[in-house]
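Examination of the molecular architecture
Spelled out from the first residue to the last, the chains are:
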Amino acid sequence: MAQLSSNNDNLRLLVDLLATYRSLLATHPNDCDLSVIPEDWTATSEEVLEYYVAGSGGERLPPTLRELADGVRVLQLPRTSIDMPPGDKMESLLTKKGMSPKKFHEVQRMASYVKNLVDSVYDQNEVSSTNRGSLHIVDVGAGQGYITRALGALFPDAKLLALDADHGQTEGAQRQGKGRRVDNLAADISSRIDHRTVLVKPESLLGAVDTWIQDGQNDGKPVPVLFVALHACGSLTPDMLRAFLTRAISPRHARENWYPLGIVTVGCCYNLMYPEDYPLSQKLRSHIPTTASPLPASAYHLAAQIPMTWLEKDSQSSNWKLRPSVQKASRKVVWRALLQFALLHPSYAHSPSSKKSTGIPEGEKKVEKGSAEVPVKWWLQPRQEPIACDAHTSNSNPTFNRLPKIPVSDSSPDALLQGSGQTETAIRLGKLPDSAYQQGWGHFLNLAGEKLGIRWGVEDLDVLRDSVLERRIELLHTVRCILGSAVESAILLDRLEWIQEHLEGPTSNRPSQDGLRQWDVELVNLFDQQTGSGRNIAVVVSPVIP
């Protein structure tokens, strides 16, 4: 199943599942607390993942661990990507310049899907080829403009607006269409793209589109506007949806110069969301007490994990094993946690090194907020209450209540860092080069000691590496990442339910100015997670969804 258009009890069941394992979500390996792992959970990460991914080997797991894996596997969203033509038969892109294979995969598939979506809307509603030329596309969080230019090539008559909060990204995207080596097609696409730096919120997004349309030559006729976003960080996706829904379900006004055709947005970076953006739906808000934080802050970091892709078959033994890239990533987490345990152990005496620590104490770190860091560290800049989204709208427009408010005790910096792994030692240690984890345990400890300004009190550093402890730390990390899949599923299903609640409201039955059918909404798996595209689900709202 690659598309989901109806919500059932999975959402509430997911929330209940996450509540059951809240202590696991809130405990990072760096916290040095393995009491959240039952004593009989002695399986290896590979054994747990084999059962979670392939459903085999369950006899090696205790019943409670099987229950956790079963619960997530059954309730999580399916992640198989939708069927599309092979890469060489999909809509071709103008260039691969600047794109990694992963980014190219995402841009090509998303652009091809959007082309199919728009064509389906126009074909089903018998829109003439003449009127199709009035399409306007808004790329929110456009970055370097890869998807903007790809859509510009597929829609040769469309006008495009590329919005980003970072002026540096905007300038970079503009440079892509300039220079002596730019051909006529690229130059034509660039001439139809308007790049603007905007801190996107619902009201600023609608205002930017209003101004853009007014500045264009549209013969006074309302024009269709399609919103797209490829990996809109944090609260950018819900804010896009707020803006879209405000215009989509509010009463039409004769002086409006545009109407929404649809929206295709793939979110990411759930840890950057404002806390009021989950849950959104009334269905879930009525299920979760407003006095409780729905999830610990650390859970939103885990939502980025894709453990379904972690295993591969060994070519010689046919046994499941961790992919090399996963082994490296897991080793970083486990060794850094082992370091925390080593620093706590009384028999492993260590003394201050003659060298000064190269880490920076947490209290001395300066927080510099770049224009692209929106809404990174939202607690440093409290969100303002929403204002009217459009000067043309009336008081009858829908409002989006950001309640329930997260409890004050849960929104303090200490509470928000709980379970994130950001301990004082981890912050002082900072980021180590990949080579620190590739040249053995002793090399890692020596490098870490130098960074922390300490000298180990034992010559044989292997005594600081407890194999049983290491295995349990790795298990904790793996189980938390499996739960991360349930976290992302709950967030996406909540968004789906929230949109449906608004589209099924009292204003949804009014006649449509543009003659299009009523809105459909689906979650669509655009990308193949095996390519590394972890955030592969798009929220799609359109009169027709292919």
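Because the structure is predicted, anything quoted here is derived from the model rather than measured.

The rules behind the values
- Sequence order as written defines the numbering, with residues in each chain counted from 1.
- Confidence filtering applies because this is a predicted model: local features only for residues at pLDDT of at least 70, side-chain atom pairs given and counted only at 80 or more, and all residues used for totals across whole chains, interfaces and linings.
- The side-chain values count all of the structure's non-hydrogen atoms but skip hydrogen atoms and water molecules.
- Segments assigned H or I by DSSP are reported as helices when at least four residues long, segments assigned E as strands when at least two residues long, and all are numbered from the N terminus.
- The buried label applies to any residue whose accessible area, calculated with a 1.4 Å probe on protein chains only, is under 20% of its type's maximum; exposed applies above 50%, and partly exposed to all values in between.
- Only heavy atoms matter for contacts: two residues are in contact if any of them lie within 4.5 Å across the pair.
- Using a 1.4 Å probe, accessible areas were evaluated by the Shrake-Rupley method; residue-level cover was limited to the displayed protein chains.
- Here a cavity denotes grid points, spaced 1 Å and computed from the protein atoms alone, that fit a 1.4 Å probe unable to get out, and a pocket denotes an open set having protein on both sides within 12 Å along at least 5 of 7 lines; residues with an atom within 4 Å of a point are the lining.
- Grid points are joined across faces, edges and corners, and a volume is the space filled by probe spheres set on the points.
- Defined by distance alone, a disulfide is two cysteine sulfur atoms within 2.5 Å.
- Note on terminology: a nonpolar core comprises buried Ala, Val, Leu, Ile, Met, Phe, Trp, Tyr and Cys residues joined through side-chain atoms within 4.5 Å.
- The axes used here are C-alpha line fits, helices contributing only the stretch in contact, and every angle between their N-to-C directions lies in the interval 0 to 180 degrees.
- Angle categories: roughly parallel below 35 degrees, roughly antiparallel above 145, roughly perpendicular from 65 to 115, and oblique for all the rest.
- Crossing handedness is defined as follows: a turn of the near helix away from the far one that is anticlockwise and smaller than a right angle gives a left-handed crossing, while the clockwise case is right-handed.
- Here the nonpolar group is Ala, Val, Leu, Ile, Met, Phe, Trp, Tyr, Cys and Pro; Asp, Glu, Lys and Arg are the charged ones; every other residue, Gly included, is treated as polar.
- Any two strands are treated as partners once DSSP identifies two or more bridges connecting them.
- To estimate the expected span of a helix, subtract one from its residue number and multiply by 1.5 Å.
- Pairs of N or O atoms are called polar contacts if they sit within 3.5 Å, as long as, within protein, a hydrogen donor faces a hydrogen acceptor (for residues adjacent in sequence, only side-chain-to-side-chain pairs).
- Just to be clear on terms, a salt bridge is a Lys or Arg side-chain nitrogen sitting within 4 Å of an Asp or Glu carboxyl oxygen.
- Between 30 and 60 degrees the pair is tilted, below 30 it is stacked and above 60 it is edge-to-face, where a pair is any two Phe, Tyr or Trp rings, Trp via its six-membered ring, whose centres lie within 6.5 Å.

All right, on to the overall build of the protein then. A tally of helices and strands in the protein yields 18 helices and 12 strands. Relative to its 546 residues, the protein shows a buried fraction of 54%. Relative to all contacts within the protein whose residues are 6 or more apart in sequence, the contacts with residues 24 or more apart total 78%. Within the structure as shown, the protein displays about 24800 Å² of accessible surface, and the carbon and sulfur contribution to it stands at 49%.

Applying the stated criterion across every chain, the model contains five cavities of 30 Å³ or more. If you add up the space inside the second largest cavity, you get close to 80 Å³. Lining of the second largest cavity is provided by Tyr52, Gln76, Leu77, Arg79, Gln305, Ile306, Pro307, Met308, Ser485, Glu488, Ser489 and Gln529. Take the lining of the second largest cavity: its biggest share by element is three residues, from helix α18 (residues 467-503).

Take the state of the cysteines next. Taken as a whole and assessed by the stated rule, the structure comprises zero disulfides. Sulfur of Cys233: no disulfide; nearest cysteine sulfur belongs to Cys268 and is 3.5 Å away. For Cys233, a relative accessible area of 28% corresponds to the partly exposed category.

Counting residues in each nonpolar core, the largest one holds 110 residues, and the members touching the most others are Leu24, Leu68, Val138, Leu205, Phe227, Tyr278 and Ile499. Per-element accounting of this core gives the leading share, 18 residues, to α18. For Ile499, the contacting residues outside a window of four places in its chain are Leu241, Leu245, Val521, Val539 and Val541. Leu117, Tyr122, Ile137 and Leu230 belong to the second largest nonpolar core, which has 40 residues in total.

For any two helices packed against each other, the geometry comes down to the angle between their axes and how far apart the axes lie. Where helix α5 (residues 101-124) meets helix α7 (residues 146-154), the axes come as close as 9 Å, and the angle between the chain directions of the two elements is 40 degrees. In terms of orientation, α5 lies oblique with respect to α7. α7 is crossed by α5, and the crossing has right-handed handedness. Residues Lys103, Val107, Met110, Ala111, Ser112, Val114 and Lys115 of α5 form the contact with α7, whose own contacting residues are Tyr146, Ile147, Ala150, Leu151 and Leu154. Taken together, the residues of the contact of α5 with α7 break down into nine nonpolar, one polar and two charged.

When you tally the buried positions in strand β3 (residues 159-164), you get five out of six residues, the bulk of the element. Bridge analysis of strand β2 (residues 136-140) against β3 gives five bridges, and the strand direction is parallel. Across the sheet, His136 pairs through a bridge with Lys159, a residue of β3.

Taking 1.5 Å as the rise per residue, helix α11 (residues 236-249) with 14 residues should run 20 Å; its terminal C-alpha atoms sit 20 Å apart, in good agreement. Burial of α11 is extensive: 14 of the 14 residues sit out of reach of the surface.

Turning next to unusual backbone geometry. A cis amide bond links Tyr278 to the next residue, Pro279, at an omega of 0 degrees. Although it is not a glycine, Cys32 sits at a positive phi angle of roughly 55 degrees.

The next point concerns the side chain of Ser281. As for its position among the elements, Ser281 is in the loop between β6 (258-268) and α12 (282-285). Accessibility expressed as a relative area gives 0% for Ser281, which makes it buried. Among the polar contacts listed, one links the side chain of Ser281 to the side chain of Asp494, at a separation of 2.7 Å. Ignoring sequence-local partners within four residues, the contact set of Ser281 consists of Leu11, Asp494, Glu497, Trp498 and Glu501.

This paragraph deals with the pattern of salt bridges. What the rule picks out here adds up to 19 salt bridges. Note that Glu47 and Arg60 form a salt bridge whose closest N and O atoms lie 3.5 Å from each other. Taken together, the residues span a long stretch of sequence, with Glu47 in helix α3 (residues 45-54) and Arg60 in the loop between α3 and α4 (63-75) at a distance of 13 residues. With a relative accessible area of 39%, Arg60 lands in the partly exposed category. Measuring nitrogen to oxygen at the nearest pair gives 2.6 Å for the salt bridge that ties Arg242 to Asp277. Taken together, the positions of Arg242 in helix α11 and Asp277 in the loop between β6 and α12 put the pair 35 residues apart, joining distant regions of the chain. Arg242 gets classed as buried once you look at its relative accessible area, which sits at 3%. Connected through shared salt-bridge partners, Glu47, Glu50, Glu59 and Arg60 make up one network.

A full pass over the atoms with the stated rule returns eight aromatic pairs. Ring centres 5.3 Å apart and planes at 70 degrees place the aromatic pair Phe244 and Trp519 in the edge-to-face group. Taken together, the positions of Phe244 in helix α11 and Trp519 in the loop between α18 and β11 (520-525) put the pair 275 residues apart, joining distant regions of the chain. Exposure remark for Phe244: the relative accessible area of 1% places this residue in the buried category. Between Tyr278 and Tyr300 the ring centres are 6.4 Å apart and the planes differ by 75 degrees, which places this aromatic pair in the edge-to-face class.

Quick look at the pairing of β11 now. For a regular strand, the rule is simple: side chains alternate between the two faces of the sheet. A large share of β11 lies buried, amounting to five of its six residues. In the sheet, β11 pairs with strand β12 (residues 537-542) via six bridges, with the strands oriented antiparallel. Its bridge partner lying in β12, Asn525 is registered against Ile537.

Taking 1.5 Å per residue, 21 residues should reach 30 Å; helix α14 (residues 324-344) reaches 30 Å between its end C-alpha atoms and fits that length. Within α14, burial applies to Val326, Ser330, Val333, Val334, Trp335, Arg336, Ala337, Leu338, Leu339, Gln340, Phe341 and Ala342. Contacts from the buried residues of α14 go to β8 (320-322), α16 (424-429), α17 (441-452), β10 (454-456) and α18.

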